[in-house]
Amino acid sequence: MDVFTAISQRTSVRAYKVTPVEEDKLKKILEAARLSPSSSNRQEWKFIVVKNKETRKKLVNAAFGQSFIGEAPVVIVACGTESKSIMACGQPAYTVDVSIACAFMILQAYELGLGTCWIGAFKEDETKKILNIPENVRVVAMTPLGYPNQPPSDKSRKRLDQIVCFEKYE
Ligand SMILES: Cc1cc2nc3c(=O)[nH]c(=O)nc-3n(C[C@H](O)[C@H](O)[C@H](O)COP(=O)(O)O)c2cc1C
C-alpha cells in the first residue's frame, strides 16, 4: 500500500473485533512512532500499550464512556514527557511531536489492516491516575487498536480550494 492510499482510505474505527493484535504488527506500529520526527529530535515521548481488560474499562470511563475504546484488544496512550519546551514559533513541542507520532502509528496500523480512532475527549487527570503517569508528563492522545468490526465510513472533507491559498493568506 502506498502512503496516499492509506491517507485517503483510512477512517476512524469505532467498533472492534475481539481478535488479538499480533505482536509483530503491534511492534511495527510502535516502530512507526519511534521513527517519526520530533522537534530537535528530542523524542520526549512515551507510548503506553494497554492490553489489560480492567485497565481498558477504566480508560473508557476516563474517556467519557466511549465504550469502543474498551472493545479493542489494545489501547495506546501517547504522552509527552517534557511539556516545558516551547518552539521558536511559540507552539509547545510536545503536542506537535506526539501528534505526528500518533499520525504515523495510525497510518501504519491501517496498512496492516488494523483500525484506530484518535481520542482527544478524555479526562487527563483520571487517565494519569489509572496508568501511574507522573505529574509532569502530559497525555496528548489515546487510540484503540484492533481489527475493525464495521464497514469503512465515508470521508467528509472540505474541498482543496476552501483550505489552500497561494502566495498570501486569503
Ligand atoms: C485531535 C482529535 C481528537 C479526536 N477525538 C475523538 C474522540 O474523542 N472520539 C472520537 O470518537 N473521535 C475523535 N476523533 C476522530 C474525529 O472525529 C475524526 O477523525 C473526524 O471526524 C474525521 O473522520 P475520519 O477519522 O473517519 O476521517 C478525534 C480526532 C482528532 C484529530
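Placed above this text is the structure.
Conventions and cut-offs
Residues numbered from 1 in each chain as written. Predicted model: local features only at pLDDT ≥ 70, side-chain atom pairs only at ≥ 80, totals over all residues. Heavy atoms only, no water. Buried < 20%, exposed > 50% of the residue type's maximum accessible area, 1.4 Å probe, protein only. Helix = DSSP H or I, 4+ residues; strand = E, 2+ residues; numbered from the N terminus. Pairing = 2+ DSSP bridges. Phe/Tyr/Trp six-rings, centres within 6.5 Å; stacked < 30°, edge-to-face > 60°. 1 Å grid on protein atoms, 1.4 Å probe; cavity = no way out; pocket = protein on both sides within 12 Å on 5 of 7 lines; lining within 4 Å. Points joined across faces, edges and corners; volume = space filled by probe spheres on them. Nonpolar A, V, L, I, M, F, W, Y, C, P; charged D, E, K, R; others polar.

Colleague: Looking at this structure, how should I read the pairing of strand E2 (residues 74-80)?
Modeller: Within E2, seven of the seven residues are buried, leaving the element largely enclosed by the surrounding structure. Every second residue of E2 is oriented toward a common face, with Val74, Ile76, Ala78 and Gly80 on one face and Val75, Val77 and Cys79 on the other, all of them buried. Pairing between strand E1 (residues 45-50) and E2: six bridges, direction antiparallel. Counted as the bridge partner of Lys46 is Cys79 from E2. Note: E2 against strand E4 (residues 138-146), seven bridges, orientation antiparallel. Bridge pairing in E4 places Ala78 opposite Ala141.

Colleague: What am I meant to see in the packing of aromatic side chains here?
Modeller: Given two aromatic rings, one states the distance between the centres and the angle between the planes to describe the pair. Enumeration over the complete set of coordinates arrives at one aromatic pair. Measuring from ring centre to ring centre gives 5.8 Å for Trp45 and Phe47, while their planes differ by 50°; the resulting arrangement is tilted. Phe47 matches Trp45 in its accessibility class, with the two residues each being buried.

Colleague: Would you mind going over empty space enclosed by the protein with me for this structure?
Modeller: Space left empty within the atom packing is revealed by a probe, the size of a water molecule, rolled over the atoms. Tallying each qualifying case throughout the model produces one cavity of 30 Å³ or more. Taken as a whole, the largest cavity spans an internal volume of roughly 40 Å³. Lining the largest cavity are Ile76, Ala78, Cys102, Met105, Ile106, Trp118, Ala141, Met142 and Thr143. Those elements that provide at least two residues to the lining of the largest cavity are E2, helix H5 (93-111) and E4. Residues that form the lining of the largest cavity fall into these classes: eight nonpolar, one polar and no charged.

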